[in-house]
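Observations on the three-dimensional arrangement
Chain by chain, the residues:
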Amino acid sequence: KQEVTQIPAALSVPEGENLVLNCSFTDSAIYNLQWFRQDPGKGLTSLLLIQSSQREQTSGRLNASLDKSSGRSTLYIAASQPGDSATYLCAVSDEDKIIFGKGTRLHILP
Amino acid sequence: DGGITQSPKYLFRKEGQNVTLSCEQNLNHDAMYWYRQDPGQGLRLIYYSQIVNDFQKGDIAEGYSVSREKKESFPLTVTSAQKNPTAFYLCASKGARADSTYGYTFGSGTRLTVV
């Protein structure tokens, strides 16, 4: 059974710092991996999707990597801003379903 | 703009009542999903549907029911058999089953509270 783990569960960093969020999964037979952002009381916003054949994806200050063989992904956020404060969720998809980690709650200190 | 619409945003249920959460999408996606989110537990899959008139139980289907009569709609009913329904409910959709190109799109959620 696929399990997704995100470390750390919570993170506070000063504004302007670069940071890395980690995600690991137990079954490497995935279709793709997706990173989401969730603000309090809101739905999920897709940030980046990495297909199983890809190694990384970039969007603005965000870069996500995927090492399928080792079951790991990282989300790199450059030059963090207070508006980046949110919960970040990692999720992996197989043919039928998507399985989520419990998220990393990020707080950027002004 | 294409997307997923969930309604209502807030819903209050009395003990013993059934309530129905609405989820509508105009993305022409085949698959639709319902998740429940509780603090500290992440998202858990309730039901999913890959095609009209067909749906499967997820990990926590007990006390819930769904229907998929139209491609655009996937309503979730929380029945009186669900003993702890207070949670945040999220609906999602995805394109063609074998297509790994496209990810999941989520609605803005419904917060259900038992009063």
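You'll find the structure just up there.
Predicted model, so just to flag it, every value in this text is computed and none were measured.

**Focus on the overall build of chain B**
When you go through chain B residue by residue, the secondary structure sums to zero helices and eleven strands. Ordering the α and β elements of chain B from the N terminus gives β-β-β-β-β-β-β-β-β-β-β. Its C-alpha atoms give chain B a radius of gyration of 14 Å, within 12% of the compact-globule value 13 Å for 115 residues. Classification of the 115 residues of chain B by burial places 50% in the buried group. In chain B, 53% of the contacts between residues at least 6 apart in sequence involve partners at least 24 apart. Approximately 5,600 Å² of chain B is accessible, and the part contributed by carbon and sulfur atoms is 47%. In chain B, 13 positive and 11 negative side-chain charges are present, and the distance between their average locations comes to 6 Å.

**Describing the pairing of strand 8 (residues 72–77) of chain A**
Residue and element names in this part refer to chain A. Side chains S73, L75 and I77 of strand 8 all project onto a buried face; the interleaved residues R72, T74 and Y76 project onto a face where none is buried. Of the pairings in the sheet, the one linking strand 7 (residues 62–67) to strand 8 comprises six bridges and is antiparallel in character. Note that in strand 8 the partner of L66 across the bridge is S73. Where strand 7 folds back onto strand 8 in an antiparallel hairpin, the turn is made up of four residues, including G71, whose phi is positive at roughly 70°.

**Focus on the sheet that holds strand 3 (residues 19–25) of chain A**
All names here are of chain A. An order of 1-3-8-7-6 is seen for the five strands of this open sheet, with the pairing classed as antiparallel. The open sheet is flanked by strand 1 (4–7) and strand 6 (56–59), the only strands paired with a single partner. Strand-to-strand, the axes of this sheet are offset by a mean angle of 15°, without reference to chain direction. As judged from the six bridges shared by strand 3 and strand 8, these two strands associate in the antiparallel manner. Residue pairing in the sheet places C23 in a bridge with S73 of strand 8.

Parameters and conventions
Residues numbered from 1 in each chain as written. Chains lettered and ligands numbered in written order. Predicted model: local features only at pLDDT ≥ 70, side-chain atom pairs only at ≥ 80, totals over all residues. Heavy atoms only, no water. Helix = DSSP H or I, 4+ residues; strand = E, 2+ residues; numbered from the N terminus. Rg over C-alpha atoms; globule rule 2.2 N^0.38 Å. Buried < 20%, exposed > 50% of the residue type's maximum accessible area, 1.4 Å probe, protein only. Contact = heavy atoms within 4.5 Å. Areas by Shrake-Rupley, 256 points an atom, 1.4 Å probe, with all protein chains shown as cover. Lys, Arg positive; Asp, Glu negative; His and termini not counted. Charge placed at Lys NZ, Arg CZ, Asp CG, Glu CD. Pairing = 2+ DSSP bridges. Axes fitted to C-alpha atoms, helices over the stretch in contact; angles between N-to-C directions.

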